[in-house]
Amino acid sequence: MNSEEIDVYIVQGKELLMVHGLKILIALIVLFVGLRIIKIFSKYFRKVMDNRKIDPSLIPFLHSMVISLLKIMLFVSVIQMVGIETTSFIALLGAAGLAIGLALSGTLQNFAGGVVLLLLKPFKVGDFVEAQGHSGTVNAIQIFFTVLKTPDNKTIILPNGALSTGSLINYSAEERRRVDFEFGVSYNSDIDHVKSVLKRLIDEEPRVITDPAPVIVLATLANSSINFKVRIWSLTTDYWGIFFDFHEKVKKAFDAEGISIPFPQMDVHIQKEK
């Protein structure tokens, strides 16, 4: 390479520097300032999520997703400022994202469902819920699935995709619950006497909430019994304790008061052949 060729390259380099040097300098400044702004926003965004009491298991994911998206947008903008065509690059990213989404559609659905559950919080750990044909106490809420523990200590794993879009009953959502009973007595029983016995048992139960007031009504005249419905309110935590204890107390009280509880009977007639 002779001196004339070197001079030509130097001249071309100066021309390129004059044309693109300012763009590159501005792009570098934008990149530096943008990264600084993203860093400041990152701290602010995490602080906002902490103040809003978002589930701790969800904060790292949301934080990294938002910051990564901002950095990608910044880099694309810087590349465009330099003069590099980004249409093909963006199209390639879109195609790759579509392919990954199709390949992991089920997993992404569960992932999105986990995000919805952690954000909206239709239930929390410790709640007793019924969903997807299963019921149990919520043991863990993870990003892809939710773990339930049944009363007999079985573990049920429910995918978050179906859990976030299907119907769900949360028995622990409210502080109070109504406990419903139905007791059948014989037609020979005195209605007022039966009501007084039931009212006495309710008044003696300290776990019963008096507002709303308990309800005792004669509900139906069945084939072999008259049926009373009893509706009382209690704390959700006392529901099952009252439900089982009250049945036992009613049976003992009815026996002591001479109130009979009818049960199905069958008369068998035997005929002798002549």
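Presented here is an overview of the structure given in this document. Quick caveat, the model's predicted, so the values are computed rather than measured.

## Focus: the packing of helix α6 (residues 191-204) against helix α7 (residues 239-257)
Phase 1 of the analysis: Contact pair α6 / α7: the axes reach a minimum separation of 10 Å and the direction vectors enclose 135°. It follows that α6 is oblique to α7 by the angle criterion. Note that α6 runs across α7; the crossing there is right-handed. Counting all contacts with α6, which are made through H193, V194, V197, L198, R200, L201 and I202, the residues of α7 involved are F246, K249, V250, A253, F254 and E257.
Phase 2 of the analysis: Looking at the contact of α6 with α7 residue by residue, the class counts come to nine nonpolar, one polar and three charged.

## So, α6
Phase 1 of the analysis: The end-to-end C-alpha distance of α6, which contains 14 residues, comes to 20 Å, matching closely the 20 Å that a straight helix rising 1.5 Å per residue would cover.
Phase 2 of the analysis: Buried within α6 we find V194, V197, L198, L201 and I202. For α6, the buried positions fall inside an angular range of 135° around the axis, keeping them on one side. Turned more than 90 degrees from where α6 packs its buried face, D192 and D203 sit exposed.
Phase 3 of the analysis: Contacts made by the buried residues of α6 are with β6 (176-185), β7 (215-221), β8 (226-235) and α7.
Phase 4 of the analysis: With a side-chain oxygen lying 3.2 Å from the backbone nitrogen of D192, the N-terminal cap of α6 falls on D190.

## Things to note about the pairing of strand β1 (residues 128-131)
Phase 1 of the analysis: The alternating pattern of β1 places V129 and A131 on a buried face, while none of F128 and E130, on the opposite face, is buried.
Phase 2 of the analysis: Pairing of β1 with strand β2 (residues 134-141), which is carried by four bridges, proceeds in the antiparallel orientation. Looking at the pairing, F128 lines up with T137 of β2.
Phase 3 of the analysis: Counted between consecutive antiparallel strands, the loop separating β1 from β2 contains two residues, among which Q132 sits at a positive phi close to 55°.
Phase 4 of the analysis: Looking at chain direction, β1 and strand β5 (residues 168-170) are connected through three bridges and run antiparallel. From the neighbouring strand, A131 faces β5, where its bridge partner is L168.

Cut-offs used in this document
- Residues numbered from 1 in each chain as written.
- Predicted model: local features only at pLDDT ≥ 70, side-chain atom pairs only at ≥ 80, totals over all residues.
- Heavy atoms only, no water.
- Axes fitted to C-alpha atoms, helices over the stretch in contact; angles between N-to-C directions.
- Helix = DSSP H or I, 4+ residues; strand = E, 2+ residues; numbered from the N terminus.
- Parallel < 35°, antiparallel > 145°, perpendicular 65-115°, else oblique.
- Left-handed = near helix turned anticlockwise from the far one by under 90°.
- Contact = heavy atoms within 4.5 Å.
- Nonpolar A, V, L, I, M, F, W, Y, C, P; charged D, E, K, R; others polar.
- Expected span 1.5 Å × (residues − 1).
- Buried < 20%, exposed > 50% of the residue type's maximum accessible area, 1.4 Å probe, protein only.
- Arc of directions from axis to C-beta.
- Polar contact = N/O pair within 3.5 Å; in protein donor to acceptor, adjacent residues only side chain to side chain.
- Pairing = 2+ DSSP bridges.

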